[in-house]
Amino acid sequence: MKSYSSATLLIQNGTLVTHESTLEADLLLQGERIRAVGRGLPIEHDTIVIEAEGCYVLPGVIDAHTHIQLDTGIYRTADDWFTGTRAAACGGVTTVVDFATQFPGQTLREGVEARQEQACDAVIDYAFHVMVTDLPPGREGELSELIELGAPSVKLYTTYRPNYYADDATLLRLMRACADLGLLPLVHCENDALVTAQTEALSAAGETGWLYHGRSRPALAEQEAIQRVLFLAEAADCPIHICHCSTARSVALIVEARENGQVVTCETCPQYLLLDHVAYEGAEPWRYILQPPLRDPDELDRLWALVEAGAVDLVATDHCDYSWAQKVAQDDFTRTPGGLPGMETLLPLLYTYGFAEGWLTLPRLVALLSTNPARIWGLWPRKGALLPGSDADIVIYDPRPDTTILSEKLHHAAGYTPYEGFRTLGHVKATISRGRIIYREGRFIGRKGRGRFLARAGVLF
Ligand SMILES: [Zn+2]
């Protein structure tokens, strides 16, 4: 059998899709880079030809919001950097932007370096946003280290006391520092007081079963926090990214801020486009415990319409691979770890329910899953592009096989998927990471530790 480690690959007869257009052309990869795009490209004696007739050839997916090997101090996800990124690769994801946490007593640099050590088993490239948890007044200058470290984005939370929560004064202070230094904050927005009060009221009434999870974190809490964060960002003159918008009004608030001249980007996730809170009344509500929770069924089409209109910049998964056993341990939403696995199913779901359903064009699909995250997070044009000189990170998607999502066929550690039984049009045929085929026809063939840390540049808005 031919080795697929050759230096030159030619992807032939596919339809190339970029964020701008589709194009019938071949793609020549040499070493770790894209060398040429065109027809009739030369085949040399050592060139391996990959036949992509009938398939789409896309820049590799960049999942810009993941939590691989997450340890919150209370729960630890079941995956590690090898198994986590292997699942990603099997879904056509070639880059993740995950998180480095500043744990108590650590400097920002120590937090990032510790995370780099953990991530060294990755099979695809990775970068980090930094969860800044302890930076008292007077120490804001330390944020400049994040630029040197190539991790120029700061994750802030308006909820989760006591570990991650930042009060309004802290948010404003850190946003001002980020604006000064050219760092981009990304914010998890839920009003902590509203969520806490609602959770306490449900607990007092004995209503802590999974059924009540959605009610504990109302849409109002998300919308209020987004509005406040936008207001503070405007006061700080700081560009801002809003994470995992789960309601149409969340996005509408962002559109309004943009119309007023603010620089704001935002994301949503497949779970908010495809699942709704009726799932909490079903037989297996534990599958859907996450924050923010699933919303009203009416939200789905409204959110898709905003994605269609271009109001949402990117779709990421917020992947968080808690195991089935961790999820079902107690029928109590206050004691069930929140988060869903999702990297491996992102592209097939967005292709099927976004493109095939008519909400997205193929170029928009590529923009949401690859080009925009690359641009917003300082990876463009190295990633997210099919340009000569860009990294040869490619996914070949075959839209023909009628496929059903089944957890037993997936590669993540959780042992379940919230999309069990969902039908998809097609599947990922092959994934190429920096010129190497790492997944092909159902088989992972990558290598542990080949992924590299991507030092990102700050983006000047
Ligand atoms: Zn998250």
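Reading the values: the criteria
- Residues numbered from 1 in each chain as written.
- Predicted model: local features only at pLDDT ≥ 70, side-chain atom pairs only at ≥ 80, totals over all residues.
- Heavy atoms only, no water.
- Helix = DSSP H or I, 4+ residues; strand = E, 2+ residues; numbered from the N terminus.
- Buried < 20%, exposed > 50% of the residue type's maximum accessible area, 1.4 Å probe, protein only.
- Contact = heavy atoms within 4.5 Å.
- Areas by Shrake-Rupley, 256 points an atom, 1.4 Å probe, with all protein chains shown as cover.
- Lys, Arg positive; Asp, Glu negative; His and termini not counted.
- Charge placed at Lys NZ, Arg CZ, Asp CG, Glu CD.
- Donors = N, O, S within 2.8 Å, 3.2 Å for Na, K, Ca; no water.
- Core = buried A, V, L, I, M, F, W, Y, C linked by side-chain atoms within 4.5 Å.
- 1 Å grid on protein atoms, 1.4 Å probe; cavity = no way out; pocket = protein on both sides within 12 Å on 5 of 7 lines; lining within 4 Å.
- Points joined across faces, edges and corners; volume = space filled by probe spheres on them.
- Nonpolar A, V, L, I, M, F, W, Y, C, P; charged D, E, K, R; others polar.
- Polar contact = N/O pair within 3.5 Å; in protein donor to acceptor, adjacent residues only side chain to side chain.
- Pairing = 2+ DSSP bridges.
- Axes fitted to C-alpha atoms, helices over the stretch in contact; angles between N-to-C directions.
- Expected span 1.5 Å × (residues − 1).
- Bend = angle between axes of the 7 residues up to and from the residue.

Q: I keep staring at the overall build of the chain and nothing clicks. Help me out?
A: Of the regular secondary structure elements, the chain holds 13 helices and 21 strands. A buried classification covers 59% of the 461 residues belonging to the chain. Sequence separation of 24 or more characterises 76% of the internal contacts of the chain that already satisfy a separation of 6 or more. Accessible surface, the chain: about 17200 Å² in total, of which carbon and sulfur atoms supply 50%. Put simply, the chain has 40 plus and 59 minus side-chain charges, and the middle of one group is 6 Å from the middle of the other.

Q: Mind showing me how you'd approach the coordination of the zinc ion here?
A: Each donor-metal-donor angle would ideally measure 109.5 degrees in four-coordinate tetrahedral geometry, or 90 or 180 degrees in six-coordinate octahedral geometry. Protein coordination at the zinc ion comes from His 65 (NE2), His 67 (NE2) and Asp 318 (OD), with a distance range of 2.0 to 2.1 Å. Of note, the zinc ion draws all its donor residues from one chain, in the sequence arrangement H-x1-H-x250-D. Taken together, the residues His 65 in the loop between strand S8 (61–63) and strand S9 (66–67) and Asp 318 in the loop between strand S16 (314–315) and strand S17 (319–320) connect sequence positions 253 residues apart. Comparing His 65 with Asp 318 shows no difference in burial state: the two are buried.

Q: I tried to follow the nonpolar core on my own but got confused; where do I start?
A: When a protein is soluble and globular, its nonpolar side chains tend to lie buried together. Ranked by size, the top nonpolar core spans 105 residues in total, and within it Leu 143, Leu 146, Met 175, Leu 230, Ile 240, Ile 242 and Leu 347 carry the most contacts. By residue number, the principal contributor to this core is helix H7 (residues 219–236), which donates seven residues. The contacts of Leu 143, once residues within four sequence positions are left out, are Leu 108, Val 132, Leu 135, Val 154, Leu 174, Ala 177, Cys 178, Leu 181 and Leu 183. Listed in part, the 19 residues of the second largest apolar core include Ala 25, Ile 48, Leu 386 and Ile 394.

Q: Where do I start with the layout of surface pockets in this structure?
A: Unfilled space is identified by rolling a water-sized probe across the atoms. Within this model, the largest pocket holds a volume of roughly 960 Å³. What lines the largest pocket is a set of 40 residues, among which Ile 74, Tyr 160, Arg 217, Gln 291 and Gly 338 lie closest to the centre. Of all elements in the fold, only strand S12 (153–157), helix H5 (192–204) and helix H6 (213–216) reach the threshold of two or more residues within the lining of the largest pocket. Residue contributions to the lining of the largest pocket peak at six residues, all from H5. For the lining of the largest pocket, the class distribution of residues is 15 nonpolar, 18 polar and seven charged. By volume, the second largest pocket amounts to about 390 Å³. Within the residue set of the lining of the second largest pocket, elements represented by two or more residues are strand S18 (394–404) and strand S19 (423–433). Here the lining of the second largest pocket is built from residues that sort into seven nonpolar, nine polar and three charged.

Q: Can you help me understand the environment of Thr 334 in this one?
A: Assignment of secondary structure puts Thr 334 in the loop between helix H11 (324–328) and helix H12 (346–356). Residue class for Thr 334 comes out partly exposed when judged on its relative accessible area of 38%. If we ignore the near neighbours within four places in the chain, the residues touching Thr 334 are Thr 199 and Ser 203. Engagement of the side chain of Thr 334 in a polar contact is seen with the side chain of Asp 332, the distance being 2.6 Å.

Q: When you look at the sheet that holds strand S1 (residues 8–12) in this model, what are you seeing that I'm missing?
A: The strands that make up a sheet are held in pairs by hydrogen bonds between backbone atoms, and each pair lies either parallel or antiparallel. Spatially, four strands are ordered S5-S4-S1-S6 in an open sheet, and the strand pairing comes out mixed. Two strands bound the open sheet, and with one partner strand each, they are strand S5 (33–38) and strand S6 (48–51). Neighbour-to-neighbour, the strand axes of this sheet turn through a mean angle of 20 degrees, independent of strand direction. Across four bridges, the pairing between S1 and S6 is parallel. Bridge pairing in S6 links Leu 9 to Ile 48.

Q: What's the story with helix H13 (residues 362–376) in this structure? I'm lost.
A: Along an α-helix, residues three or four apart share an orientation, since each turn contains 3.6 residues. Helix length check: H13 (15 residues) gives 20 Å between terminal C-alpha atoms against 21 Å at 1.5 Å per residue, within 8%. At Leu 368, H13 shows its maximal bend, which comes to roughly 50 degrees. Burial within H13 is extensive, with twelve of its 15 residues counted as buried. Regarding H13, the residues found buried are Leu 362, Pro 363, Leu 365, Val 366, Ala 367, Leu 368, Leu 369, Ser 370, Thr 371, Pro 373, Ala 374 and Ile 376.

Q: Looking at this structure, how should I read the pairing of strand S20 (residues 436–440)?
A: Remark: a regular strand shows side chains that alternate across the two faces of the sheet. Bridge analysis of S19 against S20 gives four bridges, and the strand direction is antiparallel. Across the sheet, residue Ala 430 finds its bridge partner in S20, namely Arg 440. Where S19 folds back on S20, the antiparallel hairpin that results is connected by two residues, among which Arg 434 adopts a positive phi of roughly 40 degrees. Bridge count between S20 and strand S21 (residues 443–444): two bridges; the pairing is antiparallel. Within S21, the residue paired with Arg 440 across the bridge is Arg 443. Adjacent in sequence and paired antiparallel, S20 and S21 are bridged by two residues, among which Glu 441 carries a positive phi angle near 50 degrees.

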